[in-house]
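# An overview of the molecular structure
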Amino acid sequence: MRRPERVGPVGPDGPWPTGDALDTALARAVDGLVLVGEGGLVLAVNQAASAPLAHLGGSPGRRLPEPLLATIAQQGLRRVEVPAADGRTRLFECQAPADQGDGPALLVLRDVTDRLRLDRQAHQAETMVAVGRLAGGIAHDLNNILTAIVGFGTLVAEAVREHSDASQSAREVLDAAERATVLTRQLLAFGQRQVLHPTRVDVGQSVREALPGLQARLGPGATLEIIAPPQVPPVRVDEHQLVTVLEHLLDNAREAVRGQGAVTIEADDVVLDQPYCDTHVSVRPGHYVRLAVSDTGVGIPADVQPRVFEPFFTTKEKGTGSGLGLATVYGIVKQSGGYIWIYSQPGVGTTVKVYLPVDDSGRARPAAVVAAPGEAPETGTVLLVEDADAIRQLARDVLRRAGYCVLEASDAEQAVEMATTHDGAIDALVTDVIMPGASGVDLARTLAVHRPGLQVLYMSGYTDNAVVRNGLLADEAPFLQKPFTPRDLLEKVRQVFGATVSGVPQSKSESGP
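Quick caveat, the model's predicted, so the values are computed rather than measured. Starting afresh in each chain, residues are numbered from 1 along the sequence in its written order. Given that the model is predicted, a residue must reach a pLDDT of at least 70 before its local features are reported, and side-chain atom pairs must reach 80 or more before they are shown or counted; all residues, however, enter totals for whole chains, interfaces and linings. To get the side-chain values, take all heavy atoms of the structure and skip hydrogens and water.

### A closer look at the environment of aspartate 295
By the criteria applied, helices consist of DSSP H or I runs no shorter than four residues and strands consist of E runs no shorter than two, each listed in order from the N terminus. Counting through the fold element by element, aspartate 295 comes out in strand S10 (residues 286–295). Think of it in three bands: with a 1.4 Å probe and only protein chains considered, a residue is buried below 20% of the maximum accessible area for its type, exposed above 50%, and partly exposed in between. Take aspartate 295: its relative accessible area is 11%, and that puts it in the buried class. The spatial distance from the C-alpha of aspartate 295 to the C-alpha of asparagine 252 is 9.3 Å, given a sequence separation of 43 residues. Those residues in contact with aspartate 295, other than ones at most four positions away along the chain, are Ala253, Ala256, Val257, Ala262, Val263, Val348, Gly349 and Thr350. Here the side chain of aspartate 295 touches glycine 297 through a polar contact of 2.8 Å, landing on its backbone nitrogen. Here, residues are in contact when the closest pair of their heavy atoms is within 4.5 Å. Each polar contact in these results corresponds to two N or O atoms within 3.5 Å; when the atoms are within protein, one needs to be able to donate a hydrogen and the other to accept it, and residues that are neighboring in sequence are counted only if both atoms are side-chain atoms.

Here you go:
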């Protein structure tokens, strides 16, 4: 392109170049530019303004539509919706610069659709993080309370089992505690604070294996189709949680089709490029497996879609849903390093797309070698470390009744002192993860120096980087999720006593801070 001749500096203190160079610059401007003459007559438009102006009923040689004329008269800013060629609606900001003089007026049309969508996505992501942090913290505290309720309630139920009325009352308490436990685990899932056991998973194979249960979940009348070619690459996820995602999505599809529609589960691999990531907040470019669940149901209204992943948000009738299904799905997907998007149109149907990063490592997760629950003897010395008095008392009583010798401490400092001064053997460490002072992981490292081969069982109602790497439990670390029953505790301790690996992290980088 020929360089224009310049008389002086370009800008407010000097003349702009004229002719072809200026015409080219104006034509290629991202913002729409409309030159308006006397009586509101459109004198000229650039390429970016042509289409939206035409949709609003304006064009060169015709009068500017009234909403835009008002913008010029008020020298203000207003937003107008413009139908696009693809049938969707684009949002434009219209602005007239102030002090334009007596000559033709300039109107600027700026397409803000993508910017506002990204702003909404960013705001929603920030909200979900904040709510997730709150939900995870609440679930952690509730799990400590529920551990005591379930544990002591189980002991009471065993003690009064010969008394029918008291036994029934104890059973009601335990049933209510179990329902509360399910809710707290769903909250942990949403808050991305679950303990996940990722393995190398063939998504298509997992879907096909789960098909009978998924079909039964969908119920009669609705059809279920699986489209999963064998060449879909593997991902690294917790397979049990992947099935949980499918189950929750199928539950929502069942409600949408109401027994008369079709549901499709598709698995394929896609590459998310930079242009895609530029329009989807927090998404990173790369190779992904896309798992899509589509239905031909009633669809979701546009004003409801931004809230569907919020915990306890539901459009179902009272008593028919907890509002935690899609929140659980969201948390599992995000904690697995993936992304989830929902697309819906009322009267047409809904598609939920889950993107999980492809696993290129080629490494399968090694299986931990443990003894069967009944094979390890119920003898030995256990160092029990728990800062919650009720849980420590419960675990101590359960272990002692089973025949173990129990040393108990309320924090890591006390545990180290006890382990140092104790003359006999200590066969296993059962420790909470998050405690005042040093964490359970740091305690295990410290004790391993003085007592090599020490077996470790971690327990927590709140999984943190102190016990897991970014929420993923290290493969060699046995873990007991709170709340737990006496039987859960004994089975885990038996496994730890029969394990051939200690589960003590070898370095700080392996298990997080």
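Next, the rest of the story.
### Here's the deal with the sheet that holds strand S11 (residues 339–345)
Within the open sheet, the five strands sit side by side as S7-S9-S10-S12-S11. Their pairing is mixed. A strand with exactly one partner marks an edge of an open sheet, and here the two such strands are strand S7 (223–227) and S11. Neighbour to neighbour, the strand axes of the sheet diverge by 20° on average, direction disregarded. Here, a strand pair is defined by DSSP locating no fewer than two bridges between the strands. Here strand S9 (residues 262–272) runs beside S10; their pairing, made up of ten bridges, is antiparallel. Among the inter-strand pairings, valine 271 is bridged to a residue of S10, identified as histidine 287. To obtain an axis, a line is fitted to C-alpha atoms, over the contacting stretch when the element is a helix, and the angle between two such axes runs from 0 to 180 degrees between their N-to-C directions. Along the sheet, helix H6 (residues 203–218) contacts S7, S9 and S10; its crossing angle with S7, the most-contacted strand, is approximately 180°. Running at roughly 35° to S10, helix H7 (residues 239–257) makes contact with S7, S9, S10 and strand S12 (349–357) of the sheet.

### A look at the pairing of S12
Looking along a regular strand, one sees side chains alternate from face to face of the sheet. Counting buried positions over the nine residues of S12 gives seven, a clear majority of the element. The sheet contact formed by S10 and S12 spans eight bridges and is antiparallel. Within the sheet, the bridge partner assigned to valine 293 lies in S12 and is valine 352. Pairing of S11 with S12 involves seven bridges; the strand directions are antiparallel. Its bridge partner lying in S12, glutamine 345 is registered against glycine 349. Between S11 and S12, which pair antiparallel in sequence order, lie three residues; one of them, glycine 347, sits at a positive phi of approximately 85°.

### Notes on the pattern of salt bridges
By convention in these notes, a salt bridge is any Lys or Arg side-chain nitrogen within 4 Å of a carboxyl oxygen on Asp or Glu. For the structure on display, the rule yields 13 salt bridges. Note that aspartate 389 is salt-bridged to arginine 392, the shortest N-O span being 3.0 Å. Of this pair, aspartate 389 and arginine 392 both sit in helix H10 (residues 389–401), three residues apart, which is roughly one turn of that helix. Given the relative accessible area of 14%, arginine 392 is considered buried. Where salt bridges share partners, they join Asp389, Arg392, Arg396, Asp397 and Glu408 into one cluster.

### Description of the packing of H10 against helix H13 (residues 486–498)
Running from N to C, H10 and H13 point in directions that differ by 65°, and their axes come no closer than 10 Å. Pair H10 / H13 crosses with right-handed handedness. In this structure, H10 contributes Ala395, Val398 and Leu399 to the contact, and H13 contributes Pro486, Leu489, Leu490 and Val493. We call a crossing left-handed when the near helix sits turned anticlockwise from the far one by less than a right angle, and right-handed when that turn is clockwise.

### Observations regarding H13
To estimate how far a helix should extend, the number of its residues minus one is multiplied by 1.5 Å. For H13, built from 13 residues, the straight-helix expectation of 18 Å at 1.5 Å per residue is met to within 8% by its first-to-last C-alpha distance of 19 Å. Among all positions in H13, only Pro486, Leu489, Leu490, Val493, Arg494 and Val496 are buried. An end-on view of H13 places all buried positions within 160° of arc, on one side of the element. To be clear, the arc concerns the directions from the helix axis to the C-beta atoms.

### Some details on the side chain of serine 206
With respect to the helices and strands, serine 206 occurs in helix H6. Once residues within four sequence positions are removed from consideration, serine 206 is found in contact with Val201, Glu239 and Leu242.

### A closer look at the pairing of strand S13 (residues 381–385)
With respect to burial, S13 is a largely interior element, five of its five residues being buried. By the bridge criterion, five bridges tie S13 to strand S14 (residues 405–409) in an arrangement that is parallel. Bridge assignment links valine 382 to a residue of S14, and that residue is valine 406. By convention, a crossover is right-handed whenever its connection, traced from the first strand over the helix to the second and viewed with the strands pointing away, goes clockwise. Taken together, S13, H10 and S14 constitute a β-α-β crossover, and its handedness is right-handed.

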